[in-house]
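# Residue-level structural notes
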Amino acid sequence: VLAACTNAVAGIEPEIILLNKADINSVALESGVLSEITLKDAVYGVKYTSAKNAFEATVALNKGTYMNSFTHGVVCRVFSREQQTKDELNRLANAKVVAIVKNLDAHNDETKYEVYGLESGLVMTDLQFASTDGDGVVYTFNLGSDDNARESELPASFYKESLATTEAALTALLAPAA
């Protein structure tokens, strides 16, 4: 089905979960839908929240000579210059991550969450700072598929039984509240 009865709402919520690709122990994936991500013992993902429109998710088809592939990407705008933020950006500059985004579109719970970089991970492909940026943006960085490590499919949906169960499974990937 290439058309729905109602228009889809573009964009993603101002929150994103990043998982270190190497920390993923296993996934349950069937027909492009993830129902579970299991992390190695004593490791957790990180949830970032920000301002409206601070995050963007992208997908592009790479037409190959023998096989097509997809480039997954996430654009992140940072509004803080605290040392903790700079330390985190320094870690991300050398990391390979998987990003989970929450779509604004509320028409289908089964595609509310999507996972970018599941097969090959995402790496920081760009980080920019300009002292003249407006709207309080301090840094803008891109996470994307590496040139030699693209994805074979569109981002997988993450869904487990219901929206509430899905959100509980995602929360379980994060460090317990202190």
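Scroll up to find the structure this text is about.
Worth saying up front: this structure is predicted, and the values here are computed from it rather than measured. (Residues numbered from 1 in each chain as written. Predicted model: local features only at pLDDT ≥ 70, side-chain atom pairs only at ≥ 80, totals over all residues. Heavy atoms only, no water.)

Summing up its helical and strand segments, the protein has two helices and 11 strands in all. For the protein, whose C-alpha radius of gyration is 16 Å, the value lies close to the compact-globule estimate of 16 Å for 178 residues. In terms of overall dimensions, the protein has C-alpha extents of about 45 × 45 × 35 Å along its principal axes. Expressed as a percentage of the 178 residues in the protein, the buried residues total 37%. Taking all contacts inside the protein whose residues are at least 6 apart in sequence as the whole, residues at least 24 apart take part in 66%. A total accessible area of about 10,600 Å² is found for the protein, and carbon and sulfur atoms account for 49% of it. Where the 14 positive side-chain charges of the protein centre and where its 24 negative ones centre are 4 Å apart. (Helix = DSSP H or I, 4+ residues; strand = E, 2+ residues; numbered from the N terminus. Rg over C-alpha atoms; globule rule 2.2 N^0.38 Å. Buried < 20%, exposed > 50% of the residue type's maximum accessible area, 1.4 Å probe, protein only. Contact = heavy atoms within 4.5 Å. Areas by Shrake-Rupley, 256 points an atom, 1.4 Å probe, with all protein chains shown as cover. Lys, Arg positive; Asp, Glu negative; His and termini not counted. Charge placed at Lys NZ, Arg CZ, Asp CG, Glu CD.)

The sheet built from seven strands is open, its strands ordered β2-β3-β11-β8-β7-β1-β4 with mixed pairing. This sheet does not close on itself; its edge strands, each paired only once, are β2 (24-30) and β4 (46-49). Adjacent strand axes in the sheet meet at a mean angle of 35°, parallel and antiparallel pairs treated alike. Across the sheet, helix α2 (residues 163-171) touches β1 (12-20), β7 (97-103), β8 (113-116) and β11 (156-158), and the angle it forms with β8 is around 35°. (Pairing = 2+ DSSP bridges. Axes fitted to C-alpha atoms, helices over the stretch in contact; angles between N-to-C directions.)

Take the pairing of strand β5 (residues 55-62) next. For β5 and strand β6 (residues 69-78), the ladder comprises eight bridges, and the chain directions are antiparallel. Following the sheet pairing, Phe55 is matched in β6 by Cys76. Turn length for the β5-β6 hairpin, with the two strands adjacent in sequence and antiparallel, is six residues.

What follows is about the nonpolar core. Formed by 19 residues in total, the largest nonpolar core has its most connected members in Ile16, Leu18, Val74, Ala99, Leu122, Phe141 and Leu143. Of all the elements in the fold, those that place two or more residues in this core are β1, β6, α1 (83-92), β7 and β10 (139-144). Setting aside its immediate chain neighbours within four residues, Val74 contacts Ile16, Glu56, Ala57, Ala99, Tyr116, Leu122, Phe141, Asn142 and Leu143. Counting residues in each nonpolar core, the second largest holds 17 residues, with Ile37, Leu39, Val115 and Ala156 among its members. (Core = buried A, V, L, I, M, F, W, Y, C linked by side-chain atoms within 4.5 Å.)

Turning our attention to the side chain of His72. Among the structural elements, His72 can be located in strand β6. Polar side-chain contacts of His72 include one of 3.0 Å to the backbone nitrogen of Gly117. (Polar contact = N/O pair within 3.5 Å; in protein donor to acceptor, adjacent residues only side chain to side chain.)

Moving on: the sheet that holds β5. Hydrogen bonds along the backbone pair up the strands of a sheet, which may run parallel or antiparallel. Here we have four strands laid out as an open sheet, ordered β5-β6-β10-β9, and antiparallel in their pairing. Two strands close off the open sheet at either side, each with one partner strand: β5 and β9 (123-129). Recorded for the sheet is a direction-independent mean angle of 20° between the axes of neighbouring strands. Relative to β10, β6 runs antiparallel, the two being bridged by six bridges. When the sheet's bridge partners are listed, Val78 is paired in β10 with Tyr139.

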